[in-house]
Amino acid sequence: MRQSQIQRRTEAAATELGYVFTFLLGVLLLTMFSLWIYDIETATRERWNEEAIDANMNDLAAAIERTDAASRIDNTSYAERVYWRATEADESQFTLELTDTELILYDGGGELDTERSLSGTGGAPHTGMVELAGVEYIWVVHHEGEITLKLDRPMF
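Read on for a plain summary of the structure. (Residues numbered from 1 in each chain as written. Predicted model: local features only at pLDDT ≥ 70, side-chain atom pairs only at ≥ 80, totals over all residues. Heavy atoms only, no water.)

### Considerations on the packing of aromatic side chains
For the record, the criterion: Here a pair means two rings of Phe, Tyr or Trp (six-membered ring of Trp) with centres within 6.5 Å. Their orientation is stacked below 30 degrees between planes, edge-to-face above 60, and tilted elsewhere. Strands here are runs of E lasting at least two residues and helices are runs of H or I lasting at least four, both read from the DSSP assignment and numbered beginning at the N terminus. Buried means the residue's accessible area, taken with a 1.4 Å probe over protein chains only, is under 20% of the maximum for its type, while exposed means over 50%, and partly exposed covers the values in between. For a Lys NZ or an Arg CZ to count as sitting over a ring, it must be within 6 Å of the ring centre and within 35 degrees of the ring normal.
Overall, the coordinates contain two aromatic pairs when judged by the stated rule. Seen in terms of ring centroids, phenylalanine 33 and tryptophan 36 are 5.9 Å apart; in terms of plane orientation they differ by 50 degrees. Their pairing is tilted. Of this pair, phenylalanine 33 and tryptophan 36 are both found in helix α1 (residues 11–71), three residues apart, which corresponds to roughly one turn of the helix. You can call phenylalanine 33 partly exposed: its relative accessible area is 46%. Classification of tryptophan 36 as partly exposed rests on a relative accessible area of 49%. Against the face of tyrosine 137 rests arginine 81, its NZ or CZ located 4.0 Å from the ring centre.

Next comes the structure, spelled out in structure tokens:
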């Protein structure tokens, strides 16, 4: 008759525990890597939004200055189309306001509010407020003694 004896061996259990801890370490490292990549992507998107809005505001301010120069000529009308670069921000909350000395961008979310100073040397008052939802072009128009922002092509 054969007798069996129970033996206590811990090598297999230690190996299994090693596998479990290795797996958990891998999950931890992948999670940390995913969070790191997400932070990089978010920062890149925010930087792109800020740079695109900065370039848009500079282009509009330059067009307004050229329109100011044209407004000093008697009996003229002038219009200039400015391309609005797309952003990943919610542009349905963006509003542009033109005053005699500033171009102001209001962001309903409050993160991307910005403004540009204007010389205000034109021969006409500056007015206008436009919503930027779905806008591709903005027109800077001098007509009938007033400089305004418009979304539609002017028909003089």
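Here the narrative resumes.
### Focus on unusual backbone geometry
Positive phi outside glycine occurs at asparagine 75, with the angle close to 55 degrees. Among the secondary structure elements, asparagine 75 is positioned in the loop between α1 and β1 (78–83). You will see that glutamate 144, though not glycine, has its phi angle at about 50 degrees, which is positive. Examined against the element boundaries, glutamate 144 turns out to sit in the loop between β7 (137–143) and β8 (146–150). Given the relative accessible area of 71%, glutamate 144 is considered exposed.

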